[in-house]
Amino acid sequence: MTHPTAIRIPRANQLSVRAGARAKPKLVASALFLFVALHAPLALGMKLVPYLSTVHALVSLAIALMLVIRRYPTAWVVAGCAYLVGSEALWRMTGASVFWEYGKYALLLVVITAMSLRRQRITSHLPVFYLLLLVPGALLTIITVTNLRDLRQILSFELSGPVAYSACSLFLLGRNLSRDDVLRCLAAMLAPIAGVAVITLFGIRTTEIQFGASSNLDASGGFGPNQVAAALALGMVLCFLLLTGRRGSLVWKGILVGLIVWFGIQAALTFSRTGLYYFGAAMLAGTAFLVADVRRFVLVLVLGLALLGLGRFVIAPRLDAYTGGALETRFARTDLSGRGDLMKGDLLVFLKHPVLGVGVGLSREARREAVGVVGKSHTEFTRLLSEHGLLGAAALVLMLVMSARSVMLQTPGWPKAFSATLLTFAFIFMTGSGMRLAIPSFLLAFAGVRICLPQLGRAKAQRRTGRPAIKATPKASARVVRRLTPNPGGTVAHALSDPKKEPARLPAEQGHAGQSPRTRQNW
């Protein structure tokens, strides 16, 4: 029998709301779709008026910094970072007058400012060790390259992605966010990617395109087909997570499925095969972790079969006819478009310089001497080996360890699927496009946030998975008891240990006489 003075202690990583505190707003599907839809005319305006694109880039960074300086909740800051990541390809497509690596530096500025002002406890120091392992390779480049302008460009192009990944990991790994907060961040990243799809559609409708056997620049909105296809594939992944992460109406599900189909068509017309491959691999990885949640697993299984049937028997024949048979010829090829030769060259350079590598950004010349192939590396993993040697291999191991921990620390069901999906997409992205965009740097860190289940949903989660959703810890219980202490003289813990003593009443029971509004709110 429960003692009449007993107080239920929330478990660790379980969201609870203090009495008198303002409740979080619910996730409203209509507001999310309106936010995404507004980026269609905005993207067209940015394409037609490049000055508007520059203003958008500067205002987006200013708003993200404002969320940090005004001490908005961490979830809002993460949503601002997600929006910057999703907007990077849009800024490059529309010719914003900002430097090339602006998206990574903007993300880095927001994250460093947030960590400096908030002084949050760092949950893992592995990102620091990862970054330190890359310093010797940078020193080799500083010693070798004498032209300061070339040195700045080399270090900025090659190291801005790893530095952004390290900073985002320090800020995000182990942070507690609710599921609704995570879904808002996904929607914030999705909105500018919808603008990318609008621009590619506008280019196809207004330009006479000649389809051939390689990637098509005109069908990609006049920008790099690989990066455009990767951004559209990320949009498909975000729609997949939004679809499986929240119970919604048929309208909600229908719009998200429609966006997946639309993004897939636009990615296919770029003739860059990477986009659809990225989405397929990420979706399979997420589905494997949804087996614990039967309802969502069945939803994904039905969705996957429907998309396969629709794409194979309806969409693909029409697109192939539209491209004059070039689409089927393009996707029938299984070669790596020269990436295999670059990877082979990186491995040969690593064998010749196994300890420290040749230095950051210097593998291009070394690769030309080894295999006669000229070009910048497209695979981050082989670049780490050729330019950083064994230290790069150690950095890669740390990256894998942090990613594995991100999945292991999540609760079963959708949270694990969320981390696995983003990590799979980020790793496959780095095999084809390195860290040319801020996408992999942010996704690898964002996958490490801990998704907290709401208190009322714990019983449902336990019934679905067959195991407790959250494990209690003595420290967490002690923190809750201290938070419930009304005065130094008598504590809730004392009332529980002495049944004769009158238990301390909560403010809702005491009334509001003699209390200031701030005192009541602190409860």
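Residues numbered from 1 in each chain as written. Predicted model: local features only at pLDDT ≥ 70, side-chain atom pairs only at ≥ 80, totals over all residues. Heavy atoms only, no water.

**Things to note about the nonpolar core**
Heads up, the condition is: In these notes, a set of buried Ala, Val, Leu, Ile, Met, Phe, Trp, Tyr and Cys residues joined through side-chain atoms within 4.5 Å is what counts as a nonpolar core. In this scheme, a residue with accessible area under 20% of its type's maximum is buried, one over 50% is exposed, and one in between is partly exposed, where area comes from a 1.4 Å probe on protein chains only. Going along the chain from the N terminus, every DSSP run of H or I of four or more residues is numbered as a helix, and every run of E of two or more is numbered as a strand. When checking whether two residues touch, look at their non-hydrogen atoms; a contact exists if any pair is within 4.5 Å.
By size, the foremost hydrophobic cluster in this structure holds 129 residues, and its most contacted members are Phe418, Phe425, Phe442 and Phe446. Looking at this core, the element that brings in the most residues is helix H9 (residues 179-206), giving 15 residues. For Phe442, the contacting residues outside a window of four places in its chain are Val78, Cys81, Ala82, Val85, Leu107, Cys168, Leu172 and Met189. Of all hydrophobic cores here, the second largest spans six residues; its members include Val145, Leu151, Val349 and Val358.

**A short note on the packing of aromatic side chains**
Cut-off, in case you're wondering: For Phe, Tyr and Trp, where Trp contributes only its six-membered ring, two rings pair if their centres lie within 6.5 Å, and the inter-plane angle classes them as stacked under 30 degrees, edge-to-face over 60, or tilted in between. Both a distance and an angle decide whether a charge sits over a ring: NZ of Lys or CZ of Arg must be within 6 Å of the ring centre and within 35 degrees of the ring normal.
Enumeration according to the criterion identifies 18 aromatic pairs in this entry. Taking the centre distance of 5.1 Å and the plane angle of 85° together, the rings of Tyr130 and Tyr165 count as edge-to-face. One end of the pair, Tyr130, is in helix H6 (residues 126-132); the other, Tyr165, is in helix H8 (residues 148-172), and 35 residues separate them in sequence. Tyr165 gets classed as buried once you look at its relative accessible area, which sits at 1%. Aromatic ring contacts, followed pair by pair, group Trp91, Phe99, Tyr102 and Tyr105 into a single cluster. Sitting above the plane of the Phe313 ring, Arg312 keeps its charged end 5.8 Å from the centroid. Across from the ring centre of Phe157, 4.2 Å away, lies the NZ or CZ of Lys376, which sits over that ring.

**A short note on the side chain of Asp346**
Let me state the cut-off plainly: Residues adjacent in sequence count toward polar contacts only when both atoms are side-chain atoms; beyond that, a polar contact is any pair of N or O atoms within 3.5 Å, and within protein one must be able to donate a hydrogen and the other to accept it.
Mapping Asp346 onto the fold places it in helix H15 (residues 339-352). Of the residues examined, Asp346 reaches a relative accessible area of 0% and is grouped as buried. A polar contact is formed between the side chain of Asp346 and the side chain of Arg367, at a distance of 3.1 Å. Looking at Asp346, its side chain comes within polar contact range of the side chain of Ser377, at 3.0 Å. Not counting residues within four places of it along the chain, the set of residues in contact with Asp346 comprises Ser363, Arg367, Ser377, Thr382, Arg383 and Ser386.

**Points about the environment of Thr274**
Mapped onto the secondary structure, Thr274 falls in helix H12 (residues 274-288). Judged by its relative accessible area of 13%, Thr274 falls in the buried class. Distance from Thr274 to Ser433, taken between C-alpha atoms, is 9.3 Å for residues 159 residues apart in sequence. Here Thr274 is in contact with Asn226, Ala229 and Arg339, once residues within four sequence places are set aside.

**So, the pattern of salt bridges**
The criterion, for reference: What counts as a salt bridge is simple: a side-chain nitrogen of Lys or Arg found within 4 Å of a carboxyl oxygen of Asp or Glu.
Under the defined criterion, the tally for this structure stands at nine salt bridges. Notably, a salt bridge pairs Arg92 with Glu101, separated by 3.8 Å at the nearest N-O pair. With its nearest N and O atoms 3.7 Å apart, the salt bridge here joins Arg383 to Glu158. Separated by 225 residues along the polypeptide, Arg383 in helix H17 (residues 380-408) and Glu158 in helix H8 bring together distant segments of the chain.

**Some words on unusual backbone geometry**
Its identity is not glycine, yet Arg71 carries a phi of approximately 60°, on the positive side. Here Arg71 is to be found in the loop between helix H3 (50-69) and helix H4 (74-93).

**Focus on the confidence of the model for the protein**
Note: predicted coordinates in regions of low pLDDT should not be interpreted at a detailed level. As a reminder of what qualifies: pLDDT measures the predictor's confidence residue by residue and takes values from 0 up to 100.
Put simply, the protein has an average pLDDT of 82, and 81% of its residues get 70 or more. Of all helices and strands in the protein, the one with the weakest mean pLDDT is helix H24 (residues 517-522) (37), whereas helix H19 (residues 439-446) scores best (96).

**Focus on the packing of helix H10 (residues 225-245) against helix H13 (residues 294-322)**
The following threshold applies: Angles here are taken between N-to-C directions and fall from 0 to 180 degrees, while the axes themselves are lines fitted to C-alpha atoms, restricted in helices to the stretch in contact. Oblique is the label for any angle not under 35 degrees, not over 145, and not in the 65 to 115 range, which are roughly parallel, roughly antiparallel and roughly perpendicular in turn. Whether a crossing is left-handed or right-handed is set by the direction in which the near helix is turned from the far one by less than a right angle, anticlockwise for left-handed and clockwise for right-handed. Residues are grouped as follows: Ala, Val, Leu, Ile, Met, Phe, Trp, Tyr, Cys and Pro are nonpolar; Asp, Glu, Lys and Arg are charged; every other residue, Gly included, is polar.
It is the contact of H10 with H13, at a shortest axis distance of 10 Å, that shows an interaxial angle of 140°. With respect to each other, H10 and H13 are oriented oblique. Crossing geometry of H10 relative to H13 is assigned as right-handed. Along its contact with H10, which presents Phe240, Leu243, Thr244 and Gly245, the element H13 presents Arg296, Leu299, Val300 and Leu303. Class assignment for the residues of the contact of H10 with H13 results in five nonpolar, two polar and one charged.

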